[in-house]
Amino acid sequence: MLQWIEEAQKGNAEAFRELSGHVRGMAYVVAYDMLGDVQLAEDAVQEAFLEAYMNLGSLQEPAAFPGWFKTIVVRQCHRQLRRERLALLPMEAAAHVAESTPGVAEIAERKEWTRVLHSSVAELSAKLRVPLQLFYFYGYSLQEISVYLGIPPGTLKKRLHDGRRKLKGAFPVADLAAAFHLLQEGGQRMLHIVNGDSVGDKLKQGIVQGDVLVWREIYSAGPIFIDLSSEQERRVRAEVLEATLGIPAAEYMTGCAEQERIVGGFHGYDEVVLWFEHDLFDQSMLAYLLHWFKGRKLGRTKLSLLCIGEFPGIEPFHGLGQLTKDQLSTLSGTWQNLGKKELQLGSLLWEAYASADPGKLAALLEERRDELGEGALSFAYDAFKAHLSRLPSVENGLGIVEQTTLQAVADGVDTPLKLFRQVTDELHRLGMGDTEYWKVLRTLTAGEHPLLVIDGTAEVTDYREVPEFLSRPVMLTPLGEQVLAGNADRVKVQGVDEWYGGLHMQGHEASWRWDSTAGRPVHNHTSTQTE
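Residues numbered from 1 in each chain as written. Predicted model: local features only at pLDDT ≥ 70, side-chain atom pairs only at ≥ 80, totals over all residues. Heavy atoms only, no water.

A. Looking closely at the sheet that holds strand 1 (residues 190–194). Taken together, five strands build an open sheet; the order of strands is 2-1-3-4-5 and the sheet is mixed. Of all strands in the sheet, those with a lone pairing partner are strand 2 (211–214) and strand 5 (336–337), marking the two edges. Here strand 3 (residues 271–277) pairs with strand 4 (residues 302–308) via seven bridges, running parallel. Bridge pairing in strand 4 places Glu271 opposite Lys302. The sheet contacts of helix 14 (residues 280–294) involve strand 1, strand 3 and strand 4, and relative to strand 3 the element is tilted by about 155 degrees. (Pairing = 2+ DSSP bridges. Helix = DSSP H or I, 4+ residues; strand = E, 2+ residues; numbered from the N terminus. Contact = heavy atoms within 4.5 Å. Axes fitted to C-alpha atoms, helices over the stretch in contact; angles between N-to-C directions.)

Here it is in structure tokens:
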């Protein structure tokens, strides 16, 4: 997209057509949500493209195009609303029509509130009117208005407060609150769910409107069950995560209950936006949340998704946490609506991932490959395929993470820290964090038949501590060399005690293996281990 913008700024009409096609869907969603009318939304988008084309030369940072263009779309929508206000349906007529056409009453109510609010704001003094109009009607940020009007942010906030207080004389208090909440910008009740504190902290610095919830889970590790809200199954998961990753069970249980409580209040928001990435860590989290929302009636709450796998200038791209506050701000408003189709598909993914039969997930990925290769879930196929490759291989019993680790050591990577960086870069589709990777290393170095040795390693049990062995020399054992060469089987020699989604494998036989040649999991019918 960055290249299209730069070429369009040079006057390349074809580049602008490509750019327009890329962002048209986002623009239409924003316009229709504000206007509630197909034709009006299309008109607003067309006028927004014309305005953007005429003013593209004024855009200083091409990476800021999404947020800049959204502001233009919102501005065009407000112009459409002003044009339409003389033709609004009386409330009695709207109520009558609503009996046969769902949603008309709500649309008419929104337009009526908007009309009255615009009219009341227009009667304020210029000192209060202009800041209110710029912030609530045109979607400019406090910082943008502060610079434009030459007013300190503190003074600007007071004027907005004074303006709202004066408006209460023209509205019942409840109606005033509802009118502001139903506007596209400035105070909309929104909940943003993200996967990391770094991203959450940046979003809270004025990048988005509403509340931010950091979803703290590692669905790519430990036992997975279809219903993780069950106290019994959550307890099983907590105990395994404590034993394998060092996450205190009591802390985990408390955290899960609190985030479920917050998301359970979603009806108090106009919109819930999910911020996720391309890897298994995020895609499994997204699948869980889609499954969770599918089991509930959304009512008037809109569910949206922002999901990316790359960003201009960031290479390699691991996730949203790499982006600066300014870079994140360019993504605000570029999310897309999620409907029944996405909820259904996400739920099916979660149920297959939580199954003790990985063949179900493999079958779903192939059967729905076209759907999983585009739209909201366009990263799911590759992410969950990468998950299946974590199973012990048919060749030597190594999963993709262990295989890549041993091969890296054989190629000369000589410390755990270097291993972590190289392996996570190479296997970026998994989205492994350090806590998960140290567990892999401990497994490879454990027991009477280790495949790796790390000089002076002391076992780490607290997941919040930086492993003491980061710079220690690491090397293959003779057994590790044999396994890597395919002359020994890791599972038969070392044994396995691992969860792969909903599959639990224990012992010196693997009930499921990964066949890299066929690209699918295969079942070992002679295995008697527990699943």
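B. A look at the layout of surface pockets. In this structure, the second largest pocket spans a volume of roughly 1,100 Å³. Around the second largest pocket, the lining is made up of 40 residues, and of these Asn195, Gly196, Glu217, Ile218 and Phe281 lie nearest the centre. Sorting the residues of the lining of the second largest pocket by element identifies helix 11 (197–207), strand 2, helix 13 (249–263), helix 14, helix 20 (416–426) and helix 21 (434–445) as the ones contributing at least two each. The greatest single-element share of the lining of the second largest pocket, amounting to seven residues, is contributed by helix 13. Here the lining of the second largest pocket is composed, by residue class, of 16 nonpolar, 14 polar and 10 charged. (1 Å grid on protein atoms, 1.4 Å probe; cavity = no way out; pocket = protein on both sides within 12 Å on 5 of 7 lines; lining within 4 Å. Points joined across faces, edges and corners; volume = space filled by probe spheres on them. Nonpolar A, V, L, I, M, F, W, Y, C, P; charged D, E, K, R; others polar.)

C. Broad picture of the packing of aromatic side chains. In total, this model carries 18 aromatic pairs according to the counting rule given. Look at Phe65 and Trp68: their rings are 5.8 Å apart centre to centre, the planes differ by 50 degrees, and that puts the pair in the tilted class. Here Trp68 and Phe65 lie together in helix 4 (residues 65–84), a separation of three residues that amounts to about one turn. We classify Phe65 as buried; its relative accessible area is 1%. Arranged with centres 6.1 Å apart and planes meeting at 65 degrees, the rings of Phe225 and Trp499 form a pair that is edge-to-face. Remark: Trp499 occurs in strand 8 (residues 496–500) and Phe225 occurs in the loop between strand 2 and helix 12 (231–245); sequence separation between them is 274 residues. Assessed through its relative accessible area of 17%, Phe225 is described here as buried. Three or more aromatic residues joined by ring pairs make a cluster, and in this case those are Trp215, Tyr219, Tyr288, Trp350, Tyr353 and Phe384. The ring of Trp292 has Arg296 sitting right over it, with the charged end atom 3.7 Å from the ring centre. (Phe/Tyr/Trp six-rings, centres within 6.5 Å; stacked < 30°, edge-to-face > 60°. Buried < 20%, exposed > 50% of the residue type's maximum accessible area, 1.4 Å probe, protein only. Lys NZ or Arg CZ within 6 Å of the ring centre and 35° of its normal.)

D. The side chain of Glu260, seen in detail. Mapped onto the elements, Glu260 comes out in helix 13. Taking the relative accessible area as the measure of exposure, Glu260 reaches 14% and is therefore buried. Ignoring anything within four residues of it in the chain, the contact list for Glu260 reads Trp215, Arg234, Tyr288 and Trp292.

E. Seen up close, the nonpolar core. By size, the foremost hydrophobic cluster in this structure holds 98 residues, and its most contacted members are Leu274 and Tyr437. It is helix 14 that contributes the most residues to this core, 10 residues altogether. With sequence-adjacent residues up to four places away left out, Tyr437 is seen in contact with Val401, Thr405, Leu419, Phe420, Val423 and Met432. Counting 27 residues, the second largest nonpolar core, distinct from the first, contains Ile5, Val23, Val30 and Phe65. (Core = buried A, V, L, I, M, F, W, Y, C linked by side-chain atoms within 4.5 Å.)

F. Examining the environment of Glu217 more closely. With respect to the helices and strands, Glu217 occurs in the loop between strand 2 and helix 12. Taking the relative accessible area as the measure of exposure, Glu217 reaches 6% and is therefore buried. Counting along the chain gives 67 residues from Glu217 to Ser284, while the straight-line C-alpha distance between them is 9.9 Å. At a separation of 2.7 Å, a polar atom in the side chain of Glu217 contacts the side chain of Arg237. In terms of polar contacts, Glu217 uses its side chain to reach the side chain of Tyr252, at 2.3 Å. (Polar contact = N/O pair within 3.5 Å; in protein donor to acceptor, adjacent residues only side chain to side chain.)

G. Representation of helix 21 within the structure. Compared with the 16 Å implied by 1.5 Å per residue over 12 residues, the 16 Å span of helix 21 between its first and last C-alpha is a close match. Of the residues flanking the end of helix 21, it is Gly447, one or two places downstream, whose phi is positive at about 75 degrees. (Expected span 1.5 Å × (residues − 1).)

H. Region of the structure containing the pattern of salt bridges. This model, assessed by the stated rule, comprises 15 salt bridges. Between Arg429 and Asp382 there is a salt bridge, and its shortest N-O distance comes to 3.5 Å. Taken together, the residues Arg429 in the loop between helix 20 and helix 21 and Asp382 in helix 18 (residues 380–388) connect sequence positions 47 residues apart. Residue class for Arg429 comes out partly exposed when judged on its relative accessible area of 27%. Classification of Asp382 as partly exposed rests on a relative accessible area of 35%. The structure contains a network of salt bridges with shared partners spanning Glu366, Arg369 and Lys385. (Salt bridge = Lys/Arg side-chain N within 4 Å of Asp/Glu carboxyl O.)

I. Spotlight on the confidence of the model for the chain. Averaged over every residue, the pLDDT of the chain is 82; the share at 70 or more is 81%. Confidence drops under pLDDT 50 across residues 172–179; counting only partners more than four residues distant or on other chains, this segment forms nine contacts. Confidence drops under a pLDDT of 50 for residues 181–187, and excluding neighbours within four residues, the segment shows 28 contacts in the predicted structure. (pLDDT = per-residue confidence, 0-100.)

J. Quick look at the side chain of His387. Along the chain, the position of His387 falls in helix 18. We classify His387 as buried; its relative accessible area is 4%.

K. Broad picture of the packing of helix 12 against helix 13. One way to put it is that helix 12 packs onto helix 13 with a least axis distance of 8 Å and a crossing angle of 135 degrees. What the angle tells us is that helix 12 and helix 13 run oblique. The crossing of helix 12 and helix 13 is right-handed. Contact residues: helix 12 offers Glu231, Arg234, Arg235, Arg237, Ala238, Leu241 and Glu242, while helix 13 offers Ala249, Tyr252, Met253, Cys256, Ala257 and Glu260. Here the residues of the contact of helix 12 with helix 13 are counted per class, giving seven nonpolar, no polar and six charged. (Parallel < 35°, antiparallel > 145°, perpendicular 65-115°, else oblique. Left-handed = near helix turned anticlockwise from the far one by under 90°.)

L. Highlighting helix 12. For helix 12, with 15 residues, the first-to-last C-alpha span of 20 Å sits near the 21 Å given by 1.5 Å per residue. Looking only at helix 12, the buried set comprises Arg234, Arg237, Ala238, Leu241 and Leu245. For helix 12, the angular spread of the buried residues around the axis is 105 degrees, confining them to a single face. Helix 12 presents Gln232 and Ala243 as exposed residues on the side facing more than 90 degrees away from its buried surface. A positive backbone phi angle near 80 degrees is found at Gly246, which sits one or two residues after helix 12. (Arc of directions from axis to C-beta.)

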